[in-house]
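Below, each chain spelled out in residue letters.
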Amino acid sequence: MPTLKIHHIGYLVKKTDSAIHSFTDLGYKIVQDTVYDNIRKVNICFLQKDGYLIELVSPASGDSVVAGLLKRYKNAPYHICYETDDFEADYQALLTGGFTAIDTPAPAPALQNRKVVFLMSASMGMIELLDGTISG
Ligand code: NI
């Protein structure tokens, strides 16, 4: 899948505000203030340093999709997001290649409502696939 490009690293944090303080102390800059994702019930903020885009994700409620992950992983990176110019083709190719979808493609409010889907691989854990074409 040569069209896949790394877009961001998803970083699970318990509390967005205190995490932002810690990251900015290390020289990260806020590139997008915190946005509430009502589909996944998470708060999302984007930070950047040295060309790397980091997505801070924290659960906004106990039934958030990441509440269970946070209990297991604590504050930690937990997915790499790949951007594609051919979402459907790469999504199908990933499924064929052994990935399992853990949700269905849906808009991401923190990413201009571009379509994303999360997939799991037994050998590499969780990835996110992002539609690289701007729509709507
Ligand atoms: Ni992400």
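This section reports on the structure supplied with the text. On a predicted model such as this, the values are computed, not experimentally measured, just so you know. (Residues numbered from 1 in each chain as written. Predicted model: local features only at pLDDT ≥ 70, side-chain atom pairs only at ≥ 80, totals over all residues. Heavy atoms only, no water.)

Comments concerning the pairing of strand β5 (residues 76-84)
Burial analysis of β5 places 7 of its 9 residues in the buried class, the great majority of the element. Strand direction decides the pairing type here: strand β1 (residues 5-12) and β5, joined by 7 bridges, are antiparallel. Residue pairing for β5: Y11 is matched across the bridge by P77. When β5 meets strand β9 (residues 125-131), the two strands line up parallel, connected through 5 bridges. The residue bridging C81 from the neighbouring strand is E128, located in β9. (Buried < 20%, exposed > 50% of the residue type's maximum accessible area, 1.4 Å probe, protein only. Helix = DSSP H or I, 4+ residues; strand = E, 2+ residues; numbered from the N terminus. Pairing = 2+ DSSP bridges.)

As for helix α3 (residues 87-96)
Buried within α3 are the following residues: F87, D90, Y91 and L94. Seen from one end, α3 has its buried residues packed into an arc of 105°, which puts them on one side. Where α3 is buried, its residues meet β5, β6 (100-101), β8 (114-121) and β9. Phi turns positive, to about 110°, at G98, one or two residues after α3. (Arc of directions from axis to C-beta. Contact = heavy atoms within 4.5 Å.)

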